[in-house]
Amino acid sequence: MAVDFTQNSCREFVEVLASNAPVPGGGGAAALVGAIGTALGNMVGSLTVGKKKYADVEAEIIALKAKCDGLQKDLLDQVPADAEGFEPLAKAYGIPKDDPNRDKVLEEATIVACKVPMKIMELCCEAIEAIAVFAAKGSRLAVSDAGCGAVCCKAALQSASLNVFINTKSLKNREVAEEMNAKANGMLDKYCAMADEIFAGVRANFF
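Conventions and cut-offs
- Each chain carries its own residue numbering, running from 1 in the written order of its sequence.
- Local features in a predicted model are, by the rule used here, given only for residues with pLDDT of at least 70; side-chain atom pairs are given and counted only at 80 or more, and totals for whole chains, interfaces and linings are based on all residues.
- Think of the side-chain values as coming from all heavy atoms in the structure, minus any hydrogens and water.
- Working definition: helices are DSSP H or I runs of at least four residues, strands are E runs of at least two. Numbering for both runs from the N terminus.
- Note that accessible areas follow from Shrake-Rupley with a 1.4 Å probe, and for residues the cover is restricted to the protein chains shown.
- Charged residues are defined here as Lys and Arg on the positive side and Asp and Glu on the negative side; His and the ends of the chain fall outside this count.
- In this description, the location of a charge corresponds to atom NZ of lysine, CZ of arginine, CG of aspartate or CD of glutamate.
- In the cavity and pocket records, a cavity denotes points on a 1 Å grid over the protein atoms alone where a 1.4 Å probe fits but cannot get out, a pocket denotes an open set with protein on both sides within 12 Å along at least 5 of 7 lines, and lining residues are residues with an atom within 4 Å of a point.
- Grid points are joined across faces, edges and corners, and a volume is the space filled by probe spheres set on the points.
- Under the grouping applied here, Gly and all other residues not named as nonpolar or charged are polar, the nonpolar ones being Ala, Val, Leu, Ile, Met, Phe, Trp, Tyr, Cys and Pro and the charged ones Asp, Glu, Lys and Arg.
- Any Lys or Arg side-chain nitrogen located within 4 Å of an Asp or Glu carboxyl oxygen qualifies as a salt bridge.
- Whether a residue is buried, partly exposed or exposed follows from its accessible area with a 1.4 Å probe, protein chains only, as a fraction of its type maximum: under 20%, in between, or over 50%, in that order.

### Thoughts on the overall build of the protein chain
Here comes step 1: A count of helical and extended segments in the protein chain gives six helices and zero strands.
Here comes step 2: For the protein chain, the N- to C-terminal ordering of α and β elements is α-α-α-α-α-α.
Here comes step 3: Here the C-alpha coordinates of the protein chain stretch approximately 70 × 35 × 30 Å along the principal axes.
Here comes step 4: With an accessible surface of roughly 10,900 Å², the protein chain has 59% of that area assigned to carbon and sulfur atoms.
Here comes step 5: Computed over 22 positive and 27 negative side-chain charges, the inter-centroid distance for the protein chain is 5 Å.

Now the structure itself:
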């Protein structure tokens, strides 16, 4: 089982990230940034609940906060999961090139290594959808935090996608590769645009 770097301090996480250790890497960093972005949106919800001004949307915000609590946990769980998913690939690269099983093992390990970054992308998409609601209906005093959350989740989404694409590029099975690429690109197209809309909408409050 991979080490859960989310148990470390922020400083320790960054120091290990900057080192030559194979994990955490881009996938783990994307998951952490996604969790932070989700939490920023969730904070808007926390500052909305209990305010008379927002009583008409309180039930919706409470339900959305519960969903985001789950998303935050799921994203943080992807930090050790990404490290664990990369381990077979790291081992496969160490197989001698004249080993007849190398290509098969490498192909299978590469597909495994794509799974967690793809999961991170899916979770970030859900988070961006939630943040859109927080930005539209949550406390105006904290609307900037919704914008920050959207930007963080967009960055996490894009970062995770690169960890998919670097692996699909090397797959021999191009049908599987293109299927994953299409799914990832679809999420990028839809949710990067949504995050940009949230940011623009929040920014418009200040000018």
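Back to the text.
### Regarding unusual backbone geometry
Here comes step 1: The linkage connecting V23 with the following residue, P24, adopts the cis geometry, with an omega of -5 degrees.
Here comes step 2: Tracing the sequence through the fold places P24 in the loop between α1 (10-18) and α2 (26-48).

### Focus: the layout of surface pockets
Here comes step 1: Approximately 200 Å³ is the volume found for the largest pocket.
Here comes step 2: As for the largest pocket, its lining consists of 14 residues, of which G27, D82, F86, N163 and N167 are closest to the centre.
Here comes step 3: Grouping the amino acids of the lining of the largest pocket by side-chain chemistry returns eight nonpolar, five polar and one charged.

### Describing the pattern of salt bridges
Here comes step 1: Throughout the structure, instances matching the rule amount to eight salt bridges.
Here comes step 2: Between K67 and E126 there is a salt bridge whose closest N-O contact spans 3.8 Å. Residue K67 is found in helix α3 (residues 58-93), and its partner E126 is found in helix α4 (residues 102-137); the two are separated by 59 residues along the sequence.
Here comes step 3: The class of K67 is partly exposed, set by a relative accessible area of 38%.
Here comes step 4: A salt bridge links K154 to D196, with the shortest nitrogen-to-oxygen separation between them at 2.7 Å. Here K154, found in helix α5 (residues 143-168), pairs with D196, found in helix α6 (residues 174-203); they are 42 residues apart in sequence, far enough to count as distant.

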